[in-house]
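# Coordinate inspection notes
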Amino acid sequence: MINERDRVPGVLLATLAGLAPLLVAADDLVKGVSLAGGFLVAYTVSATLALLLPARVPPIRAFALAALAAAASMTLYTSILRIVDPVLFELLGRRLFIVPFLGPVISVALAPKNEAARDRGWERLIGGLGFALAICLMGFMRELLSSGAISIDLAGQALGRPILPIASQPSGALILIGLVSAAIVAVSRAVLRPSP
Amino acid sequence: MINFRKPDASLVVTTAVIFVLALAGALSSRYASRLSSADFNTLLAPGSNASSTWELLREGPVVGRTVNLENVATYLIVISLSGGTLRAAIVVGKDGETRSARVLGSSSGMPYFKRLGVLIQGLGTAQSVGYSPLDSVLEPLVRNALDTIARAERDRRDALHDK
């Protein structure tokens, strides 16, 4: 049987695994912010719709509508990104279109099981902000580690000394995810340690 | 007799909103596609966007190409390296050879990117780009991009001949 001590890191690790395609794609800050924006749009639309639909709507219909809304909103987001930076869109386009199918987005498209869960719906929305922030931070950390500097656009080239060049590779992203996962498990075990 | 149940109002409204959202997405996607084509034309062939056509390729480092009225193609390449990307425009001659190259921008000022810029800038010129210990890492990337461009250009010429 899973106890509370193992459940909390388990949920966080499952979420990290669900976000892995975006965390791997976010190899610099600009990509991280763009992917986080797309994730936030799909996640928020999906979660909000699942919460707003009345409980009498059959769960499977509520799920289908929330998932459809997430996909439609992603199309709008990618169009805006394409207008703002067409090359960035070409680099990220394929990754952005998988966002509506990611684990965290699919899980919030499911309608809450009962009224108590519906009342705690805002926690889901806050969670989405946290996940988006995690994607941005991943992009920031990977760019900083791999190039030793952060550049916002192509005009302002950042000069820096690489600290860990592998961080920009997918393998580097997986190493960072592993380190973050280990930290989550260690911290949650320390916090949830049963008092003697 | 068929007994129709009255649909739930919330479901009808939600479906209508999603339909409008999908329609807006489709229209904005079409608009963005047109706008990005114009942007790429301006980026690759400044001043001649009215007479060039943009084609999206998405083959390895090659993003796409514009072809002007003289049937000369300019390819947009994006080379990703540890810590950033470098964008460049490669003009290809009628025989498929690299005529000139221009670096459009780089997201990093690291020596790797600077040297890559020098290697690309030297394509199609008689000028020597010198030697750097970084070349062993960078030359395969440039060669891969040029091979992809040559393949794409050959396919384009073949398609033109078949017409």
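For every chain, the first residue of its written sequence is number 1, and the numbers climb from 1 along that sequence. Both sets of labels track the order of writing: A upward for chains, 1 upward for ligands. Residue-level local features of this predicted model are given only where pLDDT is at least 70; pairs of side-chain atoms are given and counted only at 80 or more, and the full residue set underlies all totals for whole chains, interfaces and linings.

### Here's the deal with the overall build of chain A
Working definition: helices are DSSP H or I runs of at least four residues, strands are E runs of at least two. Numbering for both runs from the N terminus. Helix and strand content of chain A: eight helices and zero strands. Seen in sequence order, chain A has helices and strands lined up from the N terminus as α-α-α-α-α-α-α-α. Backbone-placed C-beta atoms define the burial measure: a residue is buried with 20 or more other C-beta atoms within 10 Å of its own, exposed with 12 or fewer, and partly exposed in between. Put simply, chain A has 196 residues, and 41% of those count as buried. Long-range contacts, defined here as pairs at least 24 residues apart, represent 72% of the contacts in chain A between residues at least 6 apart. Contact between two residues is assigned whenever their backbone-derived C-beta positions fall within 7 Å.

### What to know about the confidence of the model for chain B
All names here are of chain B. Overall, the predicted model of chain B reaches an average pLDDT of 85, with 93% of residues at or above 70. For every residue, the predictor assigns a confidence score, pLDDT, that lies between 0 and 100. Strand β2 (residues 62-67) holds the highest mean pLDDT among the elements of chain B, 91, whereas strand β1 (residues 53-59) holds the lowest, 86. Both scores are available for the predicted complex, with the pTM at 0.84 and the ipTM at 0.79.

### Quick word on the packing of helix α2 (residues 29-52) of chain A against helix α3 (residues 59-84) of chain A
Residues and elements named next belong to chain A. Axis angles are defined between N-to-C directions and span 0 to 180 degrees, where every axis is a line fitted to C-alpha atoms and, for a helix, only to the segment in contact. Here α2 crosses α3 at 150 degrees, and the two axes come no closer than 8 Å. Here α2 lies roughly antiparallel to α3, going by the angle between them. The interaxial crossing formed by α2 with α3 has right-handed handedness. Here Ser34, Gly37, Gly38, Val41, Ala42, Val45, Ser46, Leu49 and Ala50 of α2 lie close against α3, whose contacting residues are Ala62, Leu65, Ala66, Ala67, Ala69, Ala70, Ser73, Met74, Tyr77 and Leu81. Under the convention adopted here, Pro, Cys and the residues Ala, Val, Leu, Ile, Met, Phe, Trp and Tyr are nonpolar, Asp, Glu, Lys and Arg are charged, and Gly plus all remaining residues are polar. Per-class residue counts for the contact of α2 with α3 are 14 nonpolar, five polar and no charged. Roughly parallel refers to an angle under 35 degrees, roughly antiparallel to one over 145, roughly perpendicular to one between 65 and 115, and oblique to any angle outside these ranges. Handedness of each helix crossing follows the sense of rotation of the near helix against the far helix: counterclockwise by less than a right angle gives left-handed, clockwise gives right-handed.

### Observations regarding helix α2 (residues 111-121) of chain B
For α2 of chain B, the set of buried residues is Tyr112, Phe113, Leu116, Leu119 and Ile120 of chain B. Buried positions in α2 of chain B, seen along its axis, are confined to an arc of 120 degrees and lie on one side of it. The directions considered for the arc are those from the helix axis to the C-beta atoms.

### Examining unusual backbone geometry
All names here are of chain B. Unlike most non-glycine residues, Arg58 shows phi in positive territory, near 50 degrees. With respect to the helices and strands, Arg58 occurs in strand β1. One non-glycine residue, Asn71, adopts positive backbone phi at about 65 degrees. Following the sequence through the fold, Asn71 ends up in the loop between β2 and β3 (73-81). C-beta crowding within 10 Å serves as the criterion here: with 10 such atoms nearby, Asn71 is assigned to the exposed category.

### Here's the deal with the environment of Ala20 of chain A
Residue and element names in this part refer to chain A. Among the secondary structure elements, Ala20 is positioned in helix α1 (residues 4-25). Look at Ala20 and you get partly exposed, because 16 C-beta atoms sit within 10 Å. Sequence separation between Ala20 and Pro100 is 80 residues; the distance between their C-alpha atoms is 14 Å.

### Some points on the environment of Leu44 of chain B
All names here are of chain B. Relative to the helices and strands, Leu44 is located in helix α1 (residues 9-44). Along the chain, Leu44 and Val67 lie 23 residues apart, while their C-alpha atoms are 9.8 Å from each other. Those residues in contact with Leu44 that lie beyond four places of it in its chain are Thr66, Thr74, Leu76 and Ala89.

### Here's the deal with the sheet that holds β1 of chain B
Residues and elements named next belong to chain B. The strand order β1-β2-β3-β4-β5 describes an open sheet built from five strands, whose pairing is antiparallel. Every other strand in the sheet has two partners, leaving β1 and β5 (98-106) as the edge strands with one partner each. Taken pair by pair, the neighbouring strands of this sheet meet at an average axis angle of 20 degrees, ignoring direction. Helix α3 (residues 135-162) rests against β1, β2, β3, β4 (84-92) and β5 of the sheet, and its axis sits at about 150 degrees to β3. For two strands to be treated as a pair, DSSP must find at least two bridges joining them.

### As for the interface of chain A and chain B
The interface is formed by 32 residues belonging to chain A together with 30 residues belonging to chain B. Put simply, the parts of the chain that give the side of chain A that touches chain B at least two residues each are α3, α4 (86-96) and α7 (121-147) of chain A. With eleven residues, the top contributor of residues to the side of chain A that touches chain B is α3 of chain A. The class makeup of the residues in the side of chain A that touches chain B is 18 nonpolar, nine polar and five charged.

### Digging into the pairing of β1 of chain B
Consecutive side chains along a regular strand alternate between the two faces of the sheet. Residues and elements named next belong to chain B. As defined by bridge partners, β1 adjoins β2 across five bridges and the pair is classed as antiparallel. When the bridges of β2 are listed, Glu59 appears paired with Val62. Between β1 and the antiparallel strand that follows it, β2, lie two residues; Gly60 among them carries a positive phi value of about 55 degrees.

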